[in-house]
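Overview (structure and organization)
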Amino acid sequence: MPWNHIKIEADGTIKTCVHGLETLGNLSTNDIDDILQSPILRDIKQNLYQDKTHNNCQHCTRHEDETEHKYLRDLYNPMFKLEDIDYSSDSEFN
């Protein structure tokens, strides 16, 4: 999940997870803080909170649809979602 871990490949490429389609950056050319605050990662998080499918998450979304099982989303969203943030607003993710 994009809140508590990322995938770092041998060449430094960073993705959200094993199945993530989007490249967030590369440690050889990007600072980790910039990667963690990147617009693409904020967009992925916002989509997850709003139960929308982001292109990055197609694999797991397809699995959820096929099995009617949303374990990770059900587990992590309440744990990391702050009650005082309006997740419908892009400005809250900056």
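Residues numbered from 1 in each chain as written. Predicted model: local features only at pLDDT ≥ 70, side-chain atom pairs only at ≥ 80, totals over all residues. Heavy atoms only, no water.

Side note on the nonpolar core
Within the largest apolar cluster, 7 residues are counted, these being Ile14, Leu24, Ile35, Leu41, Ile44, Leu48 and Cys57. Ignoring sequence-local partners within four residues, the contact set of Cys57 consists of Ile44 and Leu48. (Core = buried A, V, L, I, M, F, W, Y, C linked by side-chain atoms within 4.5 Å. Buried < 20%, exposed > 50% of the residue type's maximum accessible area, 1.4 Å probe, protein only. Contact = heavy atoms within 4.5 Å.)

A look at the sheet that holds strand S2 (residues 13-15)
With antiparallel pairing, 3 strands are arranged side by side in an open sheet as S1-S2-S3. On the outer flanks of this sheet lie strand S1 (7-8) and strand S3 (25-26), each paired with one strand and no other. Two elements, S2 and S3, share 2 bridges in a ladder whose sense is antiparallel. Looking at S3, one finds that Ile14 is bridged to Gly25. (Pairing = 2+ DSSP bridges. Helix = DSSP H or I, 4+ residues; strand = E, 2+ residues; numbered from the N terminus.)

So, the environment of Gly20
Summarising the element assignment, Gly20 is placed in the loop between S2 and S3. Residue classification places Gly20 among the buried residues on the basis of a relative accessible area of 6%. C-alpha separation for the pair Gly20 and Asn55, spaced 35 residues apart in sequence, amounts to 8.7 Å. Residues contacting Gly20, with those up to four places away along its chain left out, are Lys15 and Asn56.

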